[in-house]
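# Observations on chain architecture
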Amino acid sequence: MNLVRTHGGWKGRRKPPRTVDPPMPDVNVTPLIDVVLVLLIIFMVVTPMLARGVAVDLPRTKFHEKKADTGEQIIVSIRADGKVFLDKQVFDTSPPSLEKFSQALGEIIRRSPGREVFLKGDYRIKYKTAREVLEAIHRAGAAGAGLGTDEEK
C-alpha cells in the first residue's frame, strides 16, 4: 500500500483500533443518599402532625403502659383552659355542655361499638374537671377510658 502525505495526515493509512474502557462495577450512591435524606426530612416534619386530638401538655409519669395509636380510639382532649374536645367539636365544663358532650360521645359509641376512649388531659387542669369529664364519658356508655401520659425522662 502506497502512502501519500496530505495536509490531514497520511492517506490510506489505517487508524489503530480504539480501546474501550470496560464499564466500572461501582454503583453511584449519591442520588440514593439524596433521595433518602429528602424522605427523612419529610418524615421528620410530618410525624409530629400525625398526633390526633388537640395538643396538650400531658402529665409525666415514670412507669406507664405504652400503647400504639391504631386510629380506632376515640380521642377526648382537655386543654388547660378547661375546653373539652371531641374530634372537632368543642365543649366547656359547664353541666349543660358536658351533657351535650356525653350525648355526642354516646352517638359515636353507638355507631361503632367496641372503640376505646382515650382521654388526654393537660397536667394543669384540676382533678375535678378530669373527674367530671370521666363521668360524662361513663354516662355516654363507654366501657372505660385510657388516660394519656408522657414518659418522664
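Residues numbered from 1 in each chain as written. Predicted model: local features only at pLDDT ≥ 70, side-chain atom pairs only at ≥ 80, totals over all residues. Heavy atoms only, no water.

Turning our eyes to something else, we now look at unusual backbone geometry. Keep in mind that most residues, glycine aside, have a negative phi and that most peptide bonds are trans. Phi is positive for aspartate 87, close to 55°, though the residue is something other than glycine. Structurally, the position occupied by aspartate 87 is in the loop between β5 (84–86) and β6 (89–91). (Helix = DSSP H or I, 4+ residues; strand = E, 2+ residues; numbered from the N terminus.)

Turning next to the sheet that holds strand β8 (residues 145–147). With mixed pairing, the five strands of this open sheet are ordered in space as β6-β5-β4-β7-β8. The outermost strands of the open sheet, each flanked by one partner alone, are β6 and β8. When strand polarity is set aside, the average angle formed by the axes of neighbouring strands in this sheet is 25°. Sheet topology note: the strand β4 (residues 74–78)/strand β7 (residues 117–121) ladder contains five bridges and is parallel. Bridged to isoleucine 74 within β7 is valine 117. Across the face of the sheet, helix α3 (residues 127–139) comes into contact with β4, β5, β7 and β8 while running at roughly 155° to β4. (Pairing = 2+ DSSP bridges. Axes fitted to C-alpha atoms, helices over the stretch in contact; angles between N-to-C directions. Contact = heavy atoms within 4.5 Å.)

Our focus in this paragraph is the packing of aromatic side chains. In total, this model carries one aromatic pair according to the counting rule given. Here the aromatic rings of phenylalanine 91 and phenylalanine 101 are separated by 5.6 Å at their centres, their planes lie at 70°, and the arrangement is edge-to-face. A residue pair is termed long-range when its members are at least 10 positions apart, and phenylalanine 91 in strand β6 and phenylalanine 101 in helix α2 (residues 95–111) qualify at 10 residues. (Phe/Tyr/Trp six-rings, centres within 6.5 Å; stacked < 30°, edge-to-face > 60°.)

Let us look at the pairing of β4. Burial of β4 is extensive: five of the five residues sit out of reach of the surface. Here β4 shows a buried face lined by Ile74, Val76 and Ile78 and a second buried face lined by Ile75 and Ser77. As paired strands, β4 and β5 are joined by three bridges and run antiparallel to one another. Following the sheet pairing, valine 76 is matched in β5 by leucine 86. (Buried < 20%, exposed > 50% of the residue type's maximum accessible area, 1.4 Å probe, protein only.)

What follows deals with the pattern of salt bridges. Considering all chains together, one arrives at seven salt bridges under this definition. Arginine 131 serves as the salt-bridge partner of glutamate 135, at 3.1 Å between the closest nitrogen and oxygen. Of the two residues, glutamate 135 and arginine 131 both sit in helix α3, four residues apart, roughly one turn of that helix. Overall, glutamate 135 belongs to the partly exposed group, its relative accessible area being 37%. (Salt bridge = Lys/Arg side-chain N within 4 Å of Asp/Glu carboxyl O.)

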